[in-house]
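A closer look at the structure
Below are the chains, spelled out letter by letter.
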Amino acid sequence: MVEFFKLSTAERLDVLEAVATASGLPPHLLEKDIWVVWSLRHLFAGPYSDHLVFKGGTSLSKAYGVIRRFSEDVDLTYDIRAIASDLVGDANAPLPASKTQERRWSKVIRARLLDWIGAEIVPRLKNDLEQQSLPATVRAEGDKVFIDYAPLAAGTGYVAPAVMWEFGARSTGEPSEPRAIRCDAAAYLQGVEFPTATPQVMRAERTFWEKATAIHVFCAQGEFRGRDRFARHWHDVTRLDAAGFADAAIADKALARAVADHKCLFFAEKNPHGEVIDYHAAVAGGLQLVPLDGALAKLAADYQHMVDDGLFLDDPEPFGALLEHCRAIQKKANAR
C-alpha cells in the first residue's frame with residue numbers, strides 16, 4: 001500500500017478523480033479533506049497534544065459522522081488551565097470573577113497564545129511539510145494558521161485551497177473524548193494509504209449548545225460579525241437533532257448553564273438596541289434559532305452558496321424544511 005502524499009502529482013489527481021467517480025463527491029472537496037486529516041495528525045502527534053481539543057463543525061463531520069456536509073476548518077481549544085495556570089489557579093470552573101478580570105485574562109491569554117503559535121506551531125508545521133516534501137506553505141494571521149496547498153482540483157471558489165486552524169485558549173474544551181478519524185476517500189479506494197488521526201474531541205452535546213447560542217446571537221443581531229459561510233450552523237444543529245445529540249444536550253441543564261456562563265463572560269454580545277444578549281435566558285427557555293426579515297434573507301443566500309459549491313454530501317434539504325426543523329428544535333429546547 002502506498003501513501004497518498006508519496007504518489008506523483010499526476011497519480012494523486014488520478015486517485016481523486018477515481019474516488020470522485022466512486023463516491024459522487026467533488027474532487028476538490030476530497031482533496032481538502034485529506035489535508036484536514038493530515039493537519040489533525042500533525043497537531044495531535046505534537047508535544048502540545050495533551051492540551052488541545054478539536055471542536056466545531058469539522059469535528060461533527062470527521063469525529064462523529066453526524067453532519068452530512070463538507071466542513072473545512074479546524075477549530076481548536078488550547079486548555080486555559082495549561083496556558084494560564086497562574087491566572088485560573090485550581091478552580092473547578094476556570095472563569096474570571098468579573099468583566100474587568102475577563103479583559104485582563106483575555107489580553108494575557110491572547111498574547112501567550114500568539115507567542116506559542118509563533119514559537120511552536122508554525123516552525124514545527126513548516127518543518128513537517130518540508131520533511132515530507134509536501135506542496136504547501138504556512139502563514140499565520142493572529143490566532144489563525146493557514147496551510148496553503150497547491151490544489152490538484154478546483155471548485156467554484158467558495159472553498160479555498162487552504163486549511164485554517166483557528167485557536168482559542170479561554171476554555172478547557174470539556175467534555176471531550178478521543179475519536180478516530182479517517183479521510184472520506186479511504187472508504188472508496190483500496191491500495192492507497194490516506195492520513196488518519198485520533199484527536200481529543202469536544203463532545204457533540206457541548207457543540208450543540210455552542211452552535212445553538214451562536215445562532216441565537218445571529219437572530220438577535222441580524223448578522224455574523226466578520227463571518228461568512230455561516231449557514232452551516234443551522235444545518236449542523238438539525239443533524240445533531242437527528243442523531244439524538246440535541247435531546248441529550250437539552251436534557252443536560254448543567255452543560256447548558258456552563259456554556260452560558262462561559263459565553264456571558266468571554267463572548268458577551270449586544271443586540272442592535274445596545275442591550276446585552278442573555279445567554280442564560282437563551283438556554284433556559286428563550287432560545288431563538290429562526291431569524292427574521294433581512295437576516296433571514298442573508299441566511300438563505302449563504303445556504304444557497306453551500307448548495308452551489310457541492311458542500312452537502314447528500315441531496316440538501318430545501319431551505320424551508322431546514323427552518324421548520326430549527327423551529328421544532330427551538331420549541332423543544334424552550335419547553336425544557
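Below is a short write-up of the structure.

What counts as what
- Note that residues are indexed from 1 along each chain, following the sequence as it is written.
- Confidence filtering applies because this is a predicted model: local features only for residues at pLDDT of at least 70, side-chain atom pairs given and counted only at 80 or more, and all residues used for totals across whole chains, interfaces and linings.
- For side-chain calculations, the full set of non-hydrogen atoms in the structure is used, while hydrogens and water are omitted.
- Each salt bridge in this description consists of a side-chain nitrogen of Lys or Arg and a carboxyl oxygen of Asp or Glu lying within 4 Å of one another.
- The rule for pairing is simple: two strands pair if DSSP sees at least two bridges between them.
- Each helix is a run of H or I in the DSSP string that is no shorter than four residues. Each strand is a run of E no shorter than two, and both are numbered from the N terminus.
- Interaxial angle, 0 to 180 degrees, is taken between N-to-C directions of lines fitted to C-alpha atoms, where a helix line uses only the stretch in contact.
- Roughly parallel means an angle under 35 degrees; roughly antiparallel, over 145; roughly perpendicular, 65 to 115; everything else is oblique.
- Each crossing gets its hand from how the near helix is turned against the far one by less than a right angle, where anticlockwise is left-handed and clockwise is right-handed.
- Whether two residues are in contact is decided by their heavy atoms, any of which lying within 4.5 Å being enough.
- For Phe, Tyr and Trp, where Trp contributes only its six-membered ring, two rings pair if their centres lie within 6.5 Å, and the inter-plane angle classes them as stacked under 30 degrees, edge-to-face over 60, or tilted in between.
- Exposed residues in this analysis have more than 50% of their type's maximum accessible area, buried residues have under 20%, and partly exposed residues fall in between, with area computed by a 1.4 Å probe over protein chains only.
- Note on geometry: a ring has a charge over it if NZ (lysine) or CZ (arginine) is within 6 Å of the ring centre and within 35 degrees of the ring normal.
- As used here, the term nonpolar core means buried Ala, Val, Leu, Ile, Met, Phe, Trp, Tyr and Cys residues forming a set that is joined through side-chain atoms within 4.5 Å.
- Classification used: nonpolar for Ala, Val, Leu, Ile, Met, Phe, Trp, Tyr, Cys and Pro, charged for Asp, Glu, Lys and Arg, polar for all others including Gly.

Further remarks concern the pattern of salt bridges. Enumeration over the complete set of coordinates arrives at 23 salt bridges. Among the salt bridges present, the one from R179 reaches E177, with a minimum N-O distance of 3.5 Å. Of the charged contacts, one joins R203 and E205 as a salt bridge, the two residues approaching to 3.3 Å between their closest N and O atoms.

Below, the discussion takes up the pairing of strand β4 (residues 136-141). Two elements, β4 and strand β5 (residues 144-149), share six bridges in a ladder whose sense is antiparallel. From the neighbouring strand, E141 faces β5, where its bridge partner is K144. Linkage of β4 to β5, two consecutive antiparallel strands, is achieved through a turn of two residues, within which G142 is found at a positive phi near 65°.

For the pair helix α1 (residues 9-23) and helix α2 (residues 27-44), the least separation of the axes is 9 Å and the interaxial angle reads 115°. Put simply, α1 runs roughly perpendicular to α2. Crossing hand, α1 versus α2: right-handed. Contacts between α1 and α2 involve L16, V19, A20 and S23 from the former and P27, L30, E31 and I34 from the latter.

To describe a pair of aromatic rings, one takes the distance between the centres and the angle between the planes. A complete count under the given rule lists 16 aromatic pairs for this structure. Ring centres 5.8 Å apart and planes at 75° place the aromatic pair Y64 and F245 in the edge-to-face group. Here Y64, found in the loop between α3 (57-62) and β3 (74-78), pairs with F245, found in helix α9 (residues 245-251); they are 181 residues apart in sequence, far enough to count as distant. A ring pair is formed by Y303 and F319, whose centres lie 5.6 Å apart and whose planes are at 50°; its orientation type is tilted. Here Y303, found in helix α12 (residues 293-308), pairs with F319, found in helix α13 (residues 319-334); they are 16 residues apart in sequence, far enough to count as distant. Accessibility expressed as a relative area gives 3% for Y303, which makes it buried. Chaining the aromatic ring pairs together yields one cluster made of F4, F5, W35, W38, Y149 and F194. The ring centre of F146 lies 4.1 Å from the NZ or CZ of R139, which sits over that ring. Above the face of the F267 ring, R170 is positioned so that its terminal group lies 4.7 Å from the ring centre.

Here we take up the nonpolar core. Buried together is how nonpolar side chains tend to be arranged in soluble globular proteins. Core analysis: the biggest nonpolar cluster contains 105 residues, and W35, L43, W165, F167, F208 and W209 have the highest contact counts within it. For this core, the leading source of residues is α2, giving ten residues. Setting aside chain neighbours within four positions, we find L43 in contact with Y48, S49, L52, V74, L76, I121, W165 and F167.

Below, the discussion takes up unusual backbone geometry. Going from E174 to P175, the amide bond is cis rather than trans, its omega being -5°. For P175, the position within the fold is in the loop between β6 (162-168) and β7 (176-178). Positioned with a positive phi, S133 is a non-glycine residue whose angle comes to about 55°. Its identity as a non-glycine residue notwithstanding, D293 has a phi of 50°, on the positive side. Topologically, D293 is positioned in helix α12.

Interhelical geometry of α12 versus α13 gives an angle of 120° and a closest axis separation of 11 Å. Classified by the angle their axes make, α12 and α13 are oblique. Here α12 runs over α13; the crossing is right-handed. Here L296, L299, A300 and Y303 of α12 lie close against α13, whose contacting residues are F319, L322 and L323. Split into classes, the residues belonging to the contact of α12 with α13 amount to seven nonpolar, no polar and no charged.

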